[in-house]
2 protein chains.
Amino acid sequence: MNTVTQAPSLTDDQIGELGQQLRVDAVRAAAAAGSGHPTSSMSAADLVAVLLARHLRYDFDHPEHPGNDHLIFSKGHASPLLYAAYKAAGAITEDELLTTYRKLGGRLEGHPTPKLPWVDVATGSLGQGLPIGVGVAMAGKRLDHLPYRTWVLCGDSELAEGSVWEAFEQAGIEGLDNLTAIIDVNRLGQRGPTRHGWDLDAYARRISAFGWHTLQIDGHDIGAVDAAMAEAGASRGAPTAIIARTRKGKGVAAVEDREGMHGKPVPDAGEAVRELGGVRELRIEVRHPEPAERPAHGGDPKAALPAYDLGDEVATRTAFGEALTVTGTRREDVVVLDGEVGDSTKAELFAKEHPERYIECYIAEQQLIGTAVGIGVCGWQPYAGTFAAFLTRAHDFLRMAAVSRSDLNVFGSHAGVGIGEDGPSQMALEDLAMMRSIHGSTVLYPCDANQTAQLVPAMADRAGITYLRTSRGNTPVIYAPGEEFPIGGSRVLRSGHDDEVTLIGAGVTLHEALTAADRLADHGIRARVIDLYSVKPVDARTLRTAAEDTGRFVTAEDHHPEGGLADAVLESFGNGHPMPLLTRLAVHSMPGSATPKEQLHAAGIDADAITAAARKLVGR
Amino acid sequence: MNTVTQAPSLTDDQIGELGQQLRVDAVRAAAAAGSGHPTSSMSAADLVAVLLARHLRYDFDHPEHPGNDHLIFSKGHASPLLYAAYKAAGAITEDELLTTYRKLGGRLEGHPTPKLPWVDVATGSLGQGLPIGVGVAMAGKRLDHLPYRTWVLCGDSELAEGSVWEAFEQAGIEGLDNLTAIIDVNRLGQRGPTRHGWDLDAYARRISAFGWHTLQIDGHDIGAVDAAMAEAGASRGAPTAIIARTRKGKGVAAVEDREGMHGKPVPDAGEAVRELGGVRELRIEVRHPEPAERPAHGGDPKAALPAYDLGDEVATRTAFGEALTVTGTRREDVVVLDGEVGDSTKAELFAKEHPERYIECYIAEQQLIGTAVGIGVCGWQPYAGTFAAFLTRAHDFLRMAAVSRSDLNVFGSHAGVGIGEDGPSQMALEDLAMMRSIHGSTVLYPCDANQTAQLVPAMADRAGITYLRTSRGNTPVIYAPGEEFPIGGSRVLRSGHDDEVTLIGAGVTLHEALTAADRLADHGIRARVIDLYSVKPVDARTLRTAAEDTGRFVTAEDHHPEGGLADAVLESFGNGHPMPLLTRLAVHSMPGSATPKEQLHAAGIDADAITAAARKLVGR
């Protein structure tokens, strides 16, 4: 039972002992919890021991230190190993490890989350740690200009995920020599052998083809691991992948390199601990980083938002791009990320003004969001976007970004059938459902240019995932420049004491609702009109008042009927509030090609349809 | 103005003429439509001309011919080229091309869809054609044992998509020598130059590292294209990628190899047609395939579904796996696809019985769905699944599968907080929202083993995307074996003429609702209980009757509040039906690790919460 504190002077044998301690602690933690992934931890224990003792630079007392390295466990199920390492570094106690892991209210969750101050991002959905690590490394190299390194521990199974290859590609092209992927090739996935088993060459061929420096080692040879990490640290111009042959469950014969031993405690923990040489109490002083400071983020907070004249026809995507550019002038922490459609989303307007804070991610939406999450870890304020339809590509990254407690601004253009001729492959008709269902999200859908301009900078002040949906075509400017549109609000555009029906729209359908209100007036029907630009949170008070006043709602949305505007409206009437009669107009059929006007008509969400639905509800 | 019909005997010069004709027709079609992608068509025109004249085997009069090759335009925006090729093959008329392209009601949409009988799948969301082509080629090689070839035309920009690398990996490992990817390297994406420009080596290095045979050619050299396609056809043991250097807008100086010319008609179509040598009327007789027959799909339709005893505790995922196995015995067209979690989803039970119809796709969910769509094109009945949470990875593929009019069965296990200790990364809490918002989808969420067993074979009889959500933990068997559960139905489990409130659950929450009903009875409150196993379509009649009878609903769902069970319930009250008072219980907070029971309690969706909500609604 030794206590070692001068980490850099540890011998290889002592580091081997540390590896055994990490295994013992992983075995004990999973046994105490009754679940977990000790065998996936044991394969990587020597890799992590060497990293901790010799290469990581991290101040566990100051996780916010800008010079800290970043350690991301992309194979998040190896959390017992991560927590065992935290214990060895003195960051958590043995008691916490053995009594709270995977327990209610604890912070040592089954897969790591930023409830722990040393965890940058949640992992556990495989294939996300490397893309996010690429973002962190991009921040270090292109934005922060700080010498921290990013270490990502990957499993071999997860290399089947395309997202990992998006990451290899971006990191290779960007020459991220501050990034090291440590690949734990234990040859066994959850269900059985991986595709490539212990064929390290198969991985090396692929990864080096993407411009990486690759090293193949025995992951249980302390000296070899150390040399590889040193070489990774010295590499210039390219990221390094350390491809390590390991044995799952290493050190315990009952589970070592055996199928069917994934994701469960070892059969006899006591025997396993004995086999591993018993409990140790090594304590590592991880080397601290050099003093470092993040660049101060200045900006001109008074820079004026674009202003549009009432009655002009302007696309909300254009107003978005122009307001985003000003937001970047106001706040120098704003970074914009594009999925090779910046000319369409109008994000490229930002690039012209602030090229050093514009990151082109090409057509790789998972990496787009991964990069955004990664730079967000480093204190930058990302705005990432593409066509709204293609954000579905990054759904799992967005879901996990919420678990990571990321503050992330997402924009999606070309929403709905209103795009016209390009047809359904390009039309977002499920993005509101997707973004509303993300935990803690905000969903905004402006209808005019001045409203858009106000909402764009407000996104950055909002916690969590904030989504802005923009439209391709021009819409009339109906709000004066400078009018305010608080998130969570709405705008009542037509209202009277004897309104008989409420018409609710957002984006393109708001204008259809206004036209419908005029037509209804011709029929002697008084209609209230609500612009529901804040889809989540929704303005429950205004909607409830409208329900009390009019008793009848017609909602119209350029979206499939499920999960969008109508559902947001009805959410206001949870917890037993009396609900209005409601007719839900949405895109029920599969669109084809047609002009925008024809599309809105065919889908039954234009002024004609709203007028007819309202007349039917009112009964005249 | 020649007419050529003996395609195989065309000279290279004549094929060059055909390439010019395809360009002319693409230019004319886009000009007539006022939108479209002629320049992206012109780069690939010679590639398609050679394919059509010398290598494709296809009977345009019999698109259902099982021996037909498959031609997938992964770069779907080059639809003018595809339609020009159809015209050259005599499948469509010049009139249809020039008057209906991108027009309301036409079948020549902005991006190809299976409205056209020769289009296998919709494309337009980039990076999907190759994964689906891999599925088609898998069907040919492993299931149909037919000699058809699959040709996929890819853009260079779309190679940034990780999904494409999932496809390269699967095709390489499977040795799909019946698959050829033709990569149109025109160096210009939508926004500007691609990452690799004309560096064909960069593509070849990457693709060959994944086990493909690669060829680099000048894509405008007819002889070189022909030789490459011949070599691809003769390749054994590996798929071939023809990496072709081309010029975007080739043949028209005003647009050729120029930035800013993506996705719009050429500036002067008349001048462009003249520059291209004028209108031609070449007509190609594409070589027909040899006679071929698909294997007959037999099976034992009387094979008995598994039966579970009332009161036993069985996980729905287990019943799913057992029923799936029987479904495979009943129907020999059933193929099961796994994302390397078959031991958890229990799909591997099928593998033991029907190994020849089980496809392991490893942890690559986009390719999982891509393969499923591809084998579906060939008449197989796919069931594809993984943890429900990770289906979000394939959201865009599922969205596009609906545009493709695919009949696809999808299963997702480990739904909701009910999984317990693993934490939020593994919990599907947005899958119902995602799957409900897919056009034409069916969403099923059984609560017991016998119900699950009945629903599994019914999925295969259902058109469109059908999703089954299963749970990790055991739930009591409450239905007798053989009871019927029609899709679109529900089950009223407690009911009386003086019910004061209706409790609605599905899956794990249904059992909580039953417990709550018992407790409410102790308080003298009569509660109706509805098992809403068919979340979409939903049983509107039963819900409306319950609303009339009780006036008060409590919904409880192991899902985020948006887009799930409660929203499905409220959909029944669209079109002006009077709505009940409703309290919506769902997972509002971010879960951590805990036991399943603790999770349901913490989320406020257990019997305690349902009882309290119902008492509050009733007022005693």
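In the block above lies the structure referred to throughout.
Please read these numbers as outputs of a predicted model, since none were measured by experiment. (Residues numbered from 1 in each chain as written. Chains lettered and ligands numbered in written order. Predicted model: local features only at pLDDT ≥ 70, side-chain atom pairs only at ≥ 80, totals over all residues. Heavy atoms only, no water.)

This part covers the packing of aromatic side chains. Considering all chains together, one arrives at 31 aromatic pairs over all chains under this definition. Judged by centre distance (5.7 Å) and plane angle (75°), the ring pair of A:Y83 and A:Y101 falls under edge-to-face. With A:Y83 in helix α4 (residues 79–88) and A:Y101 in the loop between α5 (94–100) and α6 (129–144), the pair connects residues that are 18 residues apart, well separated along the chain. Using a relative accessible area of 0% as the deciding quantity, one classes A:Y83 as buried. Ring geometry for A:F210 and B:F210: centres 6.3 Å apart, planes at 75°, overall edge-to-face. Note that A:F210 is positioned in the loop between α8 (200–209) and β4 (213–218) and B:F210 in the loop between α8 (200–209) and β4 (213–218), a pairing that runs across two chains. Comparing A:F210 with B:F210 shows no difference in burial state: the two are buried. Among the aromatic residues, those joined into a ring-pair cluster are A:W165, A:F168, A:F210, A:W212, B:W165, B:F168, B:F210 and B:W212. Across the ring face of A:W198, the terminal group of A:R187 is positioned such that the distance to the ring centre comes to 5.3 Å. (Phe/Tyr/Trp six-rings, centres within 6.5 Å; stacked < 30°, edge-to-face > 60°. Helix = DSSP H or I, 4+ residues; strand = E, 2+ residues; numbered from the N terminus. Buried < 20%, exposed > 50% of the residue type's maximum accessible area, 1.4 Å probe, protein only. Lys NZ or Arg CZ within 6 Å of the ring centre and 35° of its normal.)

Every contact between the two is made by 106 residues of chain A and, on the other side, 106 residues of chain B. Across the chain A to chain B interface the summed buried area is about 8,600 Å²; carbon plus sulfur atoms make up 52%. On the chain A side of the interface with chain B, the three residues burying the most area are A:R191, A:R195 and A:R393, jointly 10% of the side's total. Viewed at the interface, chain B and chain A are joined by 14 salt bridges. The shortest N-O distance in the salt bridge between A:E360 and B:R191 comes to 2.8 Å. Along the contact surface separating chain A from chain B lie 61 residue pairs in polar contact (both at pLDDT 80 or more). Elements that contribute at least two residues to the side of chain A that touches chain B include exactly α7 (162–174), α8, α12 (342–345), α14 (365–377), α15 (395–403), α16 (431–436), α20 (565–571) and β19 (581–585) of chain A. Looking at the side of chain A that touches chain B residue by residue, the classes come out as 34 nonpolar, 40 polar and 32 charged. (Contact = heavy atoms within 4.5 Å. Buried area = accessible area lost by both parts, 1.4 Å probe. Salt bridge = Lys/Arg side-chain N within 4 Å of Asp/Glu carboxyl O. Polar contact = N/O pair within 3.5 Å; in protein donor to acceptor, adjacent residues only side chain to side chain. Nonpolar A, V, L, I, M, F, W, Y, C, P; charged D, E, K, R; others polar.)

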